[in-house]
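# Geometric and topological summary
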Amino acid sequence: MIATVTLNPSLDKTVTVEGLVVDEANRWTSLRRDPGGKGINVSRVLHELGNETIAYGFIGGIDGQILEHLLGEQGVPYDFTSINGQIRSNFIITNLKTRRQTRIDAPGPHISRSELENLMDKITHIEPKPDFLVLAGSVPPGVPDDIYRQIIEETKKHGVKTVLDSDDEWLKEGIKAKPDVIKPNVHETEELLGEKLRDEAAIIQALKTLVGEGIEVVAISRGKDGLIVANGGEILKVIPPQVEISSTVGAGDSAVAGLVLKLSQGDGIEEACRLAVAAGTAATLTPGTELCRRQDVERLLPQVKVERL
Ligand SMILES: Nc1ncnc2c1ncn2[C@@H]1O[C@H](COP(=O)(O)OP(=O)(O)OP(=O)(O)O)[C@@H](O)[C@H]1O
Ligand SMILES: [Mg+2]
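Below you will find a few notes about this structure. As the structure is a prediction and not an experimental result, all values here were calculated from the model.

### Focus on the overall build of the chain
Scanning the chain for helices and strands turns up ten helices and 14 strands. Taking 2.2 N^0.38 as the reference for a compact globule, 309 residues should give roughly 19 Å; the C-alpha atoms of the chain span a radius of gyration of 19 Å, in line with that estimate. Based on the C-alpha atoms only, the size of the chain along its principal axes is roughly 55 × 45 × 40 Å. For the chain, the proportion of its 309 residues judged to be buried stands at 54%. Counting contacts in the chain only where the partners sit at least 6 residues apart, residues at least 24 apart contribute 65% of the total. Just so you have it, the chain exposes about 14,100 Å², and 47% of that area is on carbon and sulfur atoms. Averaged over its 35 positive side-chain charges, the chain has a centre that lies 4 Å from the centre of its 46 negative ones.

Put into structure tokens, the structure is as follows:
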């Protein structure tokens, strides 16, 4: 079983417009609400791919109730920790003319000390013990920047493996506890290491640096170029098939789900990366905030190419 943690869930609200004019009145043509937050997305993809999962995180307010309702409809199990505040809403404007998306993200509600303690207690005593705990996304106000480090250190004591997918200070602090797996994209890796990764050689060097810090699997995702991954001394380049893109929202979360699904089943890194890339690329086929569909993942899987470097 794979448990996920979303410290900063969101009820994503997406509108479509036939052309977006900034600073003018626009008219939307459709509105939808989706459960949002990276850990929750990973759980949604794991569920879609037929794997057992449960989503942990904070919940509060009317939007929080709607989020739980939507997860319930999709059959995704959750066990959230209540907060006094309201979860955030992220707004997404899909311009149907350009097929581009404009996002307006919120920082999230303030979390009190006792609310954080309640969540920490819950996720460090999950029964039965999950094979992996996925920690993903941003951290809301009131929660210390080194929270992922604290969670990973605590979880390790219970023999649970961890995946960390975050950015900025949260990633920088989190990797000090040596999570088992990380999947930053190129930009996040550049910020983490404080250097530009201009070519493949630079990415490989970055992988070696991060593996040298004691992280077992480091997968750097590169959008349409797939993934380059290091597992100990082994380095693989994983290339997706060319596809007609609808929206790349959720590609990274789908890739994390594919990766951890296979690793949790004890499969090798090559198979895990194949599924990661197939799931990530399948997510680009679906419109708006929709994640990957199982059928697409299965169809793309044999088309993913792997090279050993
Ligand atoms: N344009 C694309 N064409 C094909 N596959 C893609 C494309 N964009 C993303 N993918 C697939 O999704 C995976 C993850 O994408 P990406 O590197 O964009 O993640 P990310 O930046 O973490 O995304 P997110 O914003 O969702 O967190 C890639 O490794 C690839 O398999
Ligand atoms: Mg990402």
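### Here's the deal with the pairing of strand β7 (residues 100–104)
Sheet analysis places strand β6 (residues 91–95) next to β7, joined by five bridges and oriented antiparallel. By the bridge assignment for β7, Ile-92 is matched with Arg-103. From the end of β6 to the start of β7, which pair antiparallel, there are four residues, and Arg-99 there has a positive phi angle of about 60°.

### Quick word on unusual backbone geometry
Geometrically, the link from Glu-127 to Pro-128 is a cis peptide bond, its omega value of -10° lying close to zero. With a phi close to 55°, Lys-178 is a non-glycine residue in the positive phi region. In this fold, Lys-178 is placed in the loop between α5 (168–174) and β10 (181–182).

### Digging into the site of ligand 1
Taken together, 17 residues sit near ligand 1, with Lys-38, Asn-185, Ser-221, Gly-223 and Ile-245 positioned nearest. Measuring from an oxygen atom of ligand 1, one finds a side-chain N or O atom of Lys-183 at 3.0 Å. A distance of 2.9 Å separates an oxygen atom of ligand 1 from a polar backbone atom of Gly-223. The protein chains hide 84% of the 630 Å² of surface that ligand 1 would expose on its own. Only α8 (251–264) and α9 (269–285) provide two or more residues apiece to the shell around ligand 1. Looking at the shell around ligand 1, the element that brings in the most residues is α9, giving four residues.

### Side note on the packing of helix α1 (residues 38–48) against α8
Relative to each other, α1 and α8 sit at 55°, their axes nearing to 8 Å. The angle between the axes of α1 and α8 places the two elements in the oblique class. For α1 against α8, the interelement crossing comes out right-handed. In this structure, α1 contributes Lys-38, Asn-41, Val-42, Val-45 and Leu-46 to the contact, and α8 contributes Asp-253, Ser-254, Val-256, Ala-257, Val-260 and Leu-261.

### Observations regarding the side chain of Ser-254
Secondary-structure assignment places Ser-254 in helix α8. According to the relative accessible area criterion, Ser-254 is buried, its value standing at 0%. In terms of polar contacts, Ser-254 uses its side chain to reach the backbone carbonyl oxygen of Gly-250, at 2.9 Å. If we skip the residues at most four places from it in the chain, Ser-254 touches Val-45, Ala-279, Gly-280, Ala-283, Leu-291 and Cys-292.

### A few points about the pattern of salt bridges
Across all of its chains, the model carries 21 salt bridges by this definition. Residue Lys-196 pairs with Glu-190 through a salt bridge whose shortest N-O separation is 3.4 Å. Glu-270 is paired through a salt bridge with Arg-308; the nearest N and O atoms lie 2.9 Å apart. With Glu-270 in helix α9 and Arg-308 in strand β14 (residues 305–308), the pair connects residues that are 38 residues apart, well separated along the chain. Classification of Glu-270 by relative accessible area gives partly exposed; the value is 27%. The network of salt bridges with common partners includes Arg-149, Glu-153, Glu-173 and Lys-176.

### Structural notes on the packing of aromatic side chains
Under the defined criterion, the tally for this structure stands at one aromatic pair. With a centroid separation of 5.2 Å and an interplanar angle of 15°, the aromatic rings of Tyr-78 and Phe-80 are classed as stacked.

### Some points on the side chain of Thr-281
Along the chain, Thr-281 turns up in helix α9. Look at Thr-281 and you get buried, because its relative accessible area is 9%. When near neighbours in sequence (up to four residues on either side) are disregarded, Thr-281 contacts Pro-240, Pro-241, Val-243 and Leu-300.

### Description of the pairing of strand β11 (residues 217–221)
Burial of β11 is extensive: five of the five residues sit out of reach of the surface. Here β11 shows a buried face lined by Val-217, Ala-219 and Ser-221 and a second buried face lined by Val-218 and Ile-220. With two bridges joining them, β10 and β11 adopt parallel strand pairing. Looking at the pairing, Ile-182 lines up with Val-218 of β11. Note that β11 and strand β12 (residues 227–231) share five bridges and pair antiparallel. From the neighbouring strand, Val-217 faces β12, where its bridge partner is Asn-231. Remark: five residues form the turn of the hairpin made by β11 and β12, two consecutive strands paired antiparallel; Gly-223 in that turn has positive phi of roughly 50°.

Conventions used here
- Residues numbered from 1 in each chain as written.
- Chains lettered and ligands numbered in written order.
- Predicted model: local features only at pLDDT ≥ 70, side-chain atom pairs only at ≥ 80, totals over all residues.
- Heavy atoms only, no water.
- Helix = DSSP H or I, 4+ residues; strand = E, 2+ residues; numbered from the N terminus.
- Rg over C-alpha atoms; globule rule 2.2 N^0.38 Å.
- Buried < 20%, exposed > 50% of the residue type's maximum accessible area, 1.4 Å probe, protein only.
- Contact = heavy atoms within 4.5 Å.
- Areas by Shrake-Rupley, 256 points an atom, 1.4 Å probe, with all protein chains shown as cover.
- Lys, Arg positive; Asp, Glu negative; His and termini not counted.
- Charge placed at Lys NZ, Arg CZ, Asp CG, Glu CD.
- Pairing = 2+ DSSP bridges.
- Near = heavy atom within 4 Å.
- Polar contact = N/O pair within 3.5 Å; in protein donor to acceptor, adjacent residues only side chain to side chain.
- Axes fitted to C-alpha atoms, helices over the stretch in contact; angles between N-to-C directions.
- Parallel < 35°, antiparallel > 145°, perpendicular 65-115°, else oblique.
- Left-handed = near helix turned anticlockwise from the far one by under 90°.
- Salt bridge = Lys/Arg side-chain N within 4 Å of Asp/Glu carboxyl O.
- Phe/Tyr/Trp six-rings, centres within 6.5 Å; stacked < 30°, edge-to-face > 60°.

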